[in-house]
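Descriptive structure summary
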Amino acid sequence: MNYQIKIPSCVCGGEGCVENIKDIIKKENAKKLIVFTDKGIRGAGLLDILTNTLDEIKAEYQIFDDLTAEPAYQDVERVIKEAEGCSGDLIVAIGGGSVMDAAKLCSVLKGASYTVRDLLKDPSLAKKQVKTVMIPTTCGTGSEATCNAIVAIPEEESKKGIVNDSMIPDYVLLDSQMIRKLPKAIVAATGVDALAHAVECYTSKKATPFSDTYAAASAKLIFKNIKEAYDNPENMEAKNNMLLGAFYGGVAITGSGTTAVHALSYPLGGKYHIAHGVSNAILFAHVMEYNKSACSERLAKLCDAVFPEEHEKTVDEKAEYMIGQIADIVKATNIPTDLNEFGVKMEDLDFLVDAGSKQTRLLVNNMKELSLDDIRNIYLKVLK
């Protein structure tokens, strides 16, 4: 088997590494920056950390902050159209997954003849037009590492990923001060999202030795730190480990791919606007329990990497232990586990099954083939 992995060409870590933007601007000879963010990041003062650094060196920049969470492709097209008139020659994204995904799309759309709608039909059209710098402000999406951009499609009441290697970021700044004051609920949701990336990539049909290395490292960092990062917001070591774990999980995606957890979560975000990390968390343990018969050996191997103290357990016991740990984390971080809390009713089941079954880009990665009845039974677990 031949395999490969593609990662950003320059990754910086550690508190205060946003300062490295100065060297990046110099190296790229950038004359003007296009800065993507959102009003929440701006209101929290995180954008100031970047702009203060830019102002020190009198860098010219234009800010675009009119981005919504979990945006529809039309929202992204609108913001990119606004940026089209900007003469910027380096794109900087400071925010969560939605902000970074929009920035990555802008990097392949600015000055191009195709649109977001065109890329939804044929992602291979994408070609990088402008280099990018990613500064994540959550500890979970992994968008700073991937070649993916996820957008909602309102007319289908679902989401879809645009995937092209041209969208892999050029620079990443993993600065833990960006998540110092991250609300606990977002630590939980984005952290579990990152954990899903790690576990799904490790148990994917497309897993390789490269992706396994990053997925296992991601899983270990997140399993061992998420509760501490959630319970003790001042523990910056735990938060830095979460930031690293999220990045490693993103790298694993580029070499492997997520599976049925993400596939079945997309309709939950697309129609009911449930936050991506929350919808993954709701389904996570149930999907892995369903998959266990097909991937117990992979789960056991991951258990050995993350929890070596459990080495005396059998393969099945290790697999069950991992699923139990996932469920425990969701419970300990107070993420809701019942779709009824989000207004999803039993009469919505047929829509969910149909929309979930159409996420073939991810379902083909799942080690266990899921029939329509299988998908129905998984959703029934969370429609109490």
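Residues numbered from 1 in each chain as written. Predicted model: local features only at pLDDT ≥ 70, side-chain atom pairs only at ≥ 80, totals over all residues. Heavy atoms only, no water.

Taken as a whole and assessed by the stated rule, the structure comprises 7 aromatic pairs. Look at Tyr3 and Phe210: their rings are 5.0 Å apart centre to centre, the planes differ by 80 degrees, and that puts the pair in the edge-to-face class. Highlighted residues: Tyr3 in the segment before β1 (10-13) and Phe210 in helix α8 (residues 209-231), separated in sequence by 207 residues. Residue classification places Tyr3 among the partly exposed residues on the basis of a relative accessible area of 34%. Clustering of aromatic rings is evident, with ring pairs tying together Tyr214, Phe247 and Tyr248. (Phe/Tyr/Trp six-rings, centres within 6.5 Å; stacked < 30°, edge-to-face > 60°. Helix = DSSP H or I, 4+ residues; strand = E, 2+ residues; numbered from the N terminus. Buried < 20%, exposed > 50% of the residue type's maximum accessible area, 1.4 Å probe, protein only.)

The next thing to look at is a nonpolar patch on the surface. Where nonpolar side chains cluster on the molecular surface, the patch consists of Met1, Tyr3 and Phe210 and spans about 350 Å² of accessible area. Given the relative accessible area of 39%, Phe210 is considered partly exposed. (Patch = residues over 30% accessible without salt bridge, like charges linked within 9 Å, V, L, I, M, F, W, Y side chains within 5 Å. Areas by Shrake-Rupley, 256 points an atom, 1.4 Å probe, with all protein chains shown as cover. Salt bridge = Lys/Arg side-chain N within 4 Å of Asp/Glu carboxyl O.)

As a further point, take the pattern of salt bridges. With the rule as written, the count across this model stands at 23 salt bridges. When the shortest N-O distance is used, the salt bridge between Glu19 and Lys22 registers 2.8 Å. Asp350 is paired through a salt bridge with Arg376; the nearest N and O atoms lie 3.1 Å apart. Of this pair, Asp350 sits in helix α13 (residues 349-357) while Arg376 sits in helix α15 (residues 372-381); the two residues are 26 residues apart in sequence, bridging distant segments of the chain. Here the residues in one salt-bridge network are Lys39, Arg42, Asp65, Asp66, Arg78 and Glu82, joined through shared partners.

Quick look at the sheet that holds strand β2 (residues 32-36) now. In space, the 6 strands of this open sheet follow the order β1-β8-β5-β4-β2-β3, with parallel pairing throughout. Each edge of the open sheet carries a strand with a single partner, namely β1 and β3 (60-64). With strand direction ignored, the average angle separating the axes of adjacent strands in the sheet is 15 degrees. Of the strand pairs in this sheet, β1 and strand β8 (residues 171-174) are connected by 4 bridges, and their pairing is parallel. Considered in β8, the bridge of Cys10 is made with Tyr171. Against the sheet, helix α3 (residues 46-56) contacts β2, β3, β4 (90-95) and β5 (132-136), and its axis sits at roughly 160 degrees relative to β3. (Pairing = 2+ DSSP bridges. Axes fitted to C-alpha atoms, helices over the stretch in contact; angles between N-to-C directions. Contact = heavy atoms within 4.5 Å.)

Here we take up the environment of Val172. With respect to the helices and strands, the residue Val172 is situated in strand β8. Judged by relative accessible area, which is 0%, Val172 ranks as buried. Separated by 39 residues in the primary sequence, Val172 and Val133 have C-alpha atoms spaced 5.6 Å apart.

In this section: the state of the cysteines. In total, this model carries 0 disulfides according to the counting rule given. No disulfide involves Cys86; its sulfur sits 8.8 Å from that of Cys106, the nearest cysteine. In this structure Cys86 comes out as buried when scored by relative accessible area, which is 4%. Of all cysteine sulfurs, the one in Cys201 lies closest to Cys147, which takes part in no disulfide; the gap is 11 Å. For Cys147, a relative accessible area of 5% gives the class buried. (Disulfide = S-S within 2.5 Å.)

Across soluble globular proteins, nonpolar side chains show a tendency to be buried alongside one another. Ranked by size, the top nonpolar core spans 77 residues in total, and within it Val199, Phe223, Phe284, Met288, Leu339 and Leu352 carry the most contacts. If one sorts the elements of this core by residue count, helix α11 (residues 276-306) sits on top with 13 residues. If sequence neighbours within four positions are ignored, Leu352 has contacts with Pro267, Leu268, Tyr272, Leu339, Val344, Tyr379 and Leu383. Counting residues in each nonpolar core, the second largest holds 32 residues, with Ala93, Leu105, Leu120 and Ile162 among its members. (Core = buried A, V, L, I, M, F, W, Y, C linked by side-chain atoms within 4.5 Å.)

What follows is about the pairing of strand β7 (residues 158-163). As paired elements, strand β6 (residues 148-153) and β7 share 6 bridges and run antiparallel to each other. What sits directly across from Ala149, in β7, is Ile162.

Relative to the assigned elements, Lys22 resides in helix α1 (residues 21-28). As a C-alpha pair, Lys22 and Asp338 span 316 residues in sequence and 46 Å in three-dimensional space. For Lys22, the contacting residues outside a window of four places in its chain are Thr53, Glu56 and Ile57. Of the polar contacts made by the side chain of Lys22, one reaches the side chain of Glu56; its length is 2.9 Å. (Polar contact = N/O pair within 3.5 Å; in protein donor to acceptor, adjacent residues only side chain to side chain.)

Turning our eyes to something else, we now look at the pairing of β8. What you see with β8 is no split at all: Tyr171 and Leu173 on one side and Val172 and Leu174 on the other are buried throughout. In this structure, β5 lies alongside β8, joined through 2 bridges in parallel fashion. For Val133, the partnering residue across the bridge sits in β8 and is Tyr171.

Packing of α11 against α15 leaves a shortest axis separation of 9 Å and a crossing angle of 140 degrees. Taken together, the axis directions place α11 and α15 in an arrangement best described as oblique. Handedness of the α11/α15 crossing: right-handed. Contacts between α11 and α15 involve Leu283, His286, Val287 and Tyr290 from the former and Asp374, Asn377, Ile378, Tyr379 and Lys381 from the latter. Its residues placed into classes, the contact of α11 with α15 shows 5 nonpolar, 2 polar and 2 charged. (Parallel < 35°, antiparallel > 145°, perpendicular 65-115°, else oblique. Left-handed = near helix turned anticlockwise from the far one by under 90°. Nonpolar A, V, L, I, M, F, W, Y, C, P; charged D, E, K, R; others polar.)

What follows is about α11. Look at α11: only 25 Å from first C-alpha to last across 31 residues, short of the 45 Å you get at 1.5 Å a residue. The axis of α11 is deflected most strongly, by about 95 degrees, at Ala294. (Expected span 1.5 Å × (residues − 1). Bend = angle between axes of the 7 residues up to and from the residue.)

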